[in-house]
Amino acid sequence: MARDFDVIVFGATGYTGEHISRELHALASKGGAWQGVAWAIGGRSQLKLSAMASKHGLTPAGVVIADTADAASLRSMTARAKVVMNATGPYRFYGEAVVEACIATKTDYVDLCGEPEFIDRCLLKHADAAEAAGVLIVHACAFDSIPADIGCLFTALQYPPPGLCAHADMYHTFDVAADAKGAAAHATTFYAAVHGFGGVGATRAQRKDSPPTCPLVISCCLLGHLPLATCHPLLAPHDVPPA
Ligand SMILES: NC(=O)c1ccc[n+]([C@@H]2O[C@H](COP(=O)([O-])OP(=O)(O)OC[C@H]3O[C@@H](n4cnc5c(N)ncnc54)[C@H](OP(=O)(O)O)[C@@H]3O)[C@@H](O)[C@H]2O)c1
C-alpha cells in the first residue's frame, strides 16, 4: 500500500519529539541516504505543531493530527506512514493505542520507552497480532537502552568461539552543566519513573505471564528495518529488580 510519508514523529510537540524532528530535518537536509525521505510531524494540536516547526525552521512533508484518546484518528494517522516514531508518554497510559493502530494499519512502530510494564504488556497482548500482520513493534530505542544494547553486543563479539559472553554489567555516568544544582529529568520522564517504581510489583506479576521465548529485537536501524542488535538469550533487555 502506498503511504504518504516514510516516517511520522508522533508527539512532535514534546521535549523528545521536538529533538527527533530537528534531527530528522538535519539528516534530510544533508542529502545522502536521507535525500527525499518524507518525514512528517504528528500530535493533537495543529497550532502547537506548526509553532514548533516554525520555531526551528523545520520543513516536514506534512502535519498530521491525532489523539491517543481517539482510535479512529490514530488509525488515520498510522495508515499514512511506513513507520511511526512514538514520542508520546508516559507509554503506560498513551502507548498501547498507538501500537494497536499500527498493527491495524500494518505500520512499523518504534518508541523510546523505558517502562518495562508497557513493553511486557505489548509483548503479551500484541506480539501475535503484530507477527501475523508482519509489523515491527520496536520498543526502547533510547538513551537507557541503545548504549547498553550496543555495548553488550560489542562486548559479546569480543569473545572468539567457543568463548561466550554470559553476562555484562553496564554503568552510566551523567555530567550535568556546571551551573546546575544536581541532576534533572524532564517532567514526563519523572512521571513515568514514579509510576514505574510504584507499580514494580504488578510488573513482576505480569512478567510471570510472559512467554519465555519472546522474539525480542531491541534496537533497529530505522529506515532499513535492519536489526542492529538482538537480545542475547542470557542478557535481560530491560530489568525488573529481583523480588
Ligand atoms: N528511555 C529513555 O531514555 C527516554 C528518554 C527520554 C524520554 N523518554 C520517554 O519518552 C516519553 C516522552 O517524554 P518527553 O519528555 O518528550 O514528554 P513531553 O515533553 O511531556 O511530551 C509528551 C508528548 O506527548 C503528547 N501527548 C500527550 N498526551 C497525548 C494525547 N492524548 N494524544 C496525543 N499526544 C499526546 C504531548 O502533546 P501536547 O504537546 O499536545 O501535550 C507531547 O507531544 C516519556 O514517556 C519519557 O519517559 C524515554
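Read on for a plain summary of the structure. Within every chain, residues take consecutive numbers counted from 1 along the sequence as written. The predicted origin of the model limits local features to residues at a pLDDT of at least 70 and limits the giving and counting of side-chain atom pairs to 80 or more, whereas totals for whole chains, interfaces and linings rest on all residues.

## Focus: the overall build of the protein chain
In this text, helices come from DSSP runs of H or I with a minimum length of four residues, and strands from runs of E with a minimum of two, each type numbered from the N-terminal end. Looking only at helices and strands, one finds 8 helices and 8 strands in the protein chain. Exposure in this text rests on C-beta crowding, where 20 or more other C-beta atoms within 10 Å of a residue's own make it buried, 12 or fewer make it exposed, and counts in between make it partly exposed. The C-beta atoms are placed from the backbone. A burial count over the protein chain gives 35% of its 243 residues as buried. The contact rule is simple: place each C-beta atom from the backbone, and if two of them lie within 7 Å, those residues are in contact. For the protein chain, restricting intrachain contacts to residue pairs at least 6 apart in sequence, the fraction spanning at least 24 positions comes to 66%.

## Re the sheet that holds strand β1 (residues 5-10)
Strand pairing follows a simple DSSP-based rule, namely that at least 2 bridges must link the two strands. Pairing is parallel across the open sheet formed by 6 strands, whose spatial order is β3-β2-β1-β4-β5-β6. Across the chains shown, the open sheet's two edge strands, defined by having one partner strand only, are β3 (63-65) and β6 (137-138). Alignment of strand β4 (residues 81-86) against strand β5 (residues 108-111), held across 4 bridges, turns out to be parallel. In the strand pairing of β5, Val84 is matched with Tyr109.

## A look at the nonpolar core
To define a nonpolar core, we join buried Ala, Val, Leu, Ile, Met, Phe, Trp, Tyr and Cys residues through C-beta atoms within 7 Å and take the resulting set. Counting 44 residues, the largest nonpolar core has Val7, Ile8, Val9, Phe10, Val84, Met85 and Val98 as the members making the most contacts within it. For this core, the leading source of residues is helix α4 (residues 91-104), giving 7 residues. Not counting residues within four places of it along the chain, the set of residues in contact with Val9 comprises Gly17, Ile20, Ser21, Leu24, Trp39, Ile41, Gly42, Met85 and Ala87.

## A look at the environment of Ile65
Along the polypeptide, Ile65 turns up in strand β3. Residue Ile65 is classed as partly exposed on the basis of its C-beta count, with 14 C-beta atoms lying within 10 Å. As a C-alpha pair, Ile65 and Met77 span 12 residues in sequence and 7.3 Å in three-dimensional space. Those residues in contact with Ile65, other than ones at most four positions away along the chain, are Arg44, Gln46 and Ser73.

## Brief notes about the site of the ligand
Proximity of a residue to a molecule or strand is defined by its backbone-placed C-beta atom lying within 6 Å of that partner. Around the ligand there are 28 residues in total, and Gly14, Thr16, Gly89, Gly114 and Ala142 lie nearest to it. Elements represented by at least two residues in the shell around the ligand include exactly α1 (15-30), α4 and α7 (187-198). Polar here means any residue outside two lists: the nonpolar Ala, Val, Leu, Ile, Met, Phe, Trp, Tyr, Cys and Pro, and the charged Asp, Glu, Lys and Arg; Gly therefore counts as polar. When grouped by side-chain class, the residues that make up the shell around the ligand number 10 nonpolar, 14 polar and 4 charged.

## Quick look at the packing of α4 against helix α5 (residues 116-133)
Axis definition: a line fitted to C-alpha atoms, limited for helices to the stretch in contact. Angles are taken between N-to-C directions and run from 0 to 180 degrees. One way to put it is that α4 packs onto α5 with a least axis distance of 10 Å and a crossing angle of 5°. Taken together, the axis directions place α4 and α5 in an arrangement best described as roughly parallel. Counted together, Tyr91, Arg92, Gly95, Glu96, Val99 and Ile103 of α4 and Glu117, Phe118, Arg121, Cys122, His126, Ala129, Ala130 and Ala133 of α5 form the full contact between these two elements. Taken together, the residues that form the contact of α4 with α5 break down as 8 nonpolar, 2 polar and 4 charged. Should an angle fall under 35 degrees it is taken as roughly parallel, and over 145 as roughly antiparallel, whereas 65 to 115 is taken as roughly perpendicular and any remaining angle as oblique.

## Focus: α5
Structural remark: α-helix, 3.6 residues per turn; residues separated by three or four positions point the same way. Taking 1.5 Å as the rise per residue, α5 with 18 residues should run 26 Å; its terminal C-alpha atoms sit 24 Å apart, in good agreement. Along α5, the residues that are buried comprise Pro116, Glu117, Phe118, Ile119, Asp120, Arg121, Cys122, Leu123 and Ala130. Taken together, the buried residues of α5 touch α4, β6, α7 and α8 (200-208). Just downstream of α5, Gly134 is the residue with a positive phi angle, here 70°. Between the first and last residue of a helix there are one fewer steps than residues, each counted as 1.5 Å, and that sum is the expected span.

## What about the pairing of β5?
Neither face of β5 is exposed, since Asp108 and Val110 on one face and Tyr109 and Asp111 on the opposite face are all buried. Whether a crossover is right-handed depends on one test, that the path from the first strand over the helix to the second runs clockwise when the strands point away from the viewer. As for the winding sense of the linkage, the β-α-β connection from β4 through α4 to β5 is right-handed. Summarising the sheet, β5 and β6 pair through 2 bridges and their orientation is parallel. Paired with Tyr109 across the two strands is Ile137, which belongs to β6. A crossover connection joins β5 to the parallel β6 through α5; in handedness this β-α-β unit is right-handed.

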